[in-house]
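Architecture and fold: a report
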Amino acid sequence: MVIRLGLPALIVLVGTVWFAWSSYRRAVSAEQAVTELNGETKALIQEVRRLEKAVAAAEQGLRTLSSHPSVPRDVALTADLTLADIRRLTDNKELDR
């Protein structure tokens with residue numbers, strides 16, 4: 001009689017321990033993945049900020065180039081078109097395609 005009651009209880013206990021352990025391992029794995037993603041996200045945000053600064057510097061340079069009186073008209077026109085292209089890209093109008 002003790003064996004009849006003890007075996008199912010033992011099976012339930014082992015199953016519960018196994019389920020708890022596997023749930024814990026999945027939670028640890030998920031936490032590690034989130035930590036890695038947070039690090040990658042921070043690195044990508046820093047890269048985006050660097051690129052935004054580079055675009056702003058290029059935009060200022062093109063604005064200066066296109067407004068300088070010694071620059072030929074066709075070069076100034078090309079600089080203005082490039083400036084418009086940069087603005088369109090930074091406004092995400094073409095990045096969504």
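An account of the accompanying structure is given in this report.

Cut-offs and rules
For every chain, the first residue of the written sequence is number 1, and numbering continues from 1 along that sequence. In keeping with the predicted nature of the model, local features appear solely for residues at pLDDT of at least 70, side-chain atom pairs appear and are counted solely at 80 or more, and the whole-chain, interface and lining totals rest on all residues. Water and hydrogen atoms were dropped before computing side-chain values, which therefore reflect all heavy atoms in the structure. Only runs of H or I of at least four residues qualify as helices and only runs of E of at least two qualify as strands under DSSP, and these elements are numbered from the N terminus. To sort residues, take the accessible area from a 1.4 Å probe on protein chains only and compare it with the maximum for the residue type: under 20% means buried, over 50% means exposed, and anything in between is partly exposed. Reported accessibility uses the Shrake-Rupley method at a 1.4 Å probe radius. Residues are deemed covered only where the shown protein chains occlude them. Should a side-chain nitrogen of Lys or Arg be within 4 Å of a carboxyl oxygen of Asp or Glu, the pair is scored as a salt bridge. Residues enter a patch when their relative accessible area is above 30% and they make no salt bridge; the linking distance is 9 Å between like charges and 5 Å between nonpolar side chains (Val, Leu, Ile, Met, Phe, Trp, Tyr).

1. Quick notes on the overall build of the protein chain
Within the protein chain, the secondary structure is distributed over two helices and zero strands. The proportion of buried residues among the 97 residues of the protein chain is 10%. Accessible surface, the protein chain as shown: approximately 8400 Å² in total, 65% of it carbon and sulfur.

2. Observations concerning the pattern of salt bridges
Overall, the coordinates contain one salt bridge when judged by the stated rule. Here Arg50 and Glu47 are joined by a salt bridge, their closest N and O atoms 2.7 Å apart. Taken together, the residues Arg50 and Glu47, both in helix α1 (residues 2-67) and three residues apart, mark about one turn of the helix. Overall, Glu47 belongs to the partly exposed group, its relative accessible area being 35%.

3. Observations concerning a nonpolar patch on the surface
On the surface, Leu7, Leu10, Ile11, Leu13, Val14 and Val17 cluster together into a nonpolar patch covering about 580 Å² of accessible area. For Val14, the position within the fold is in helix α1.

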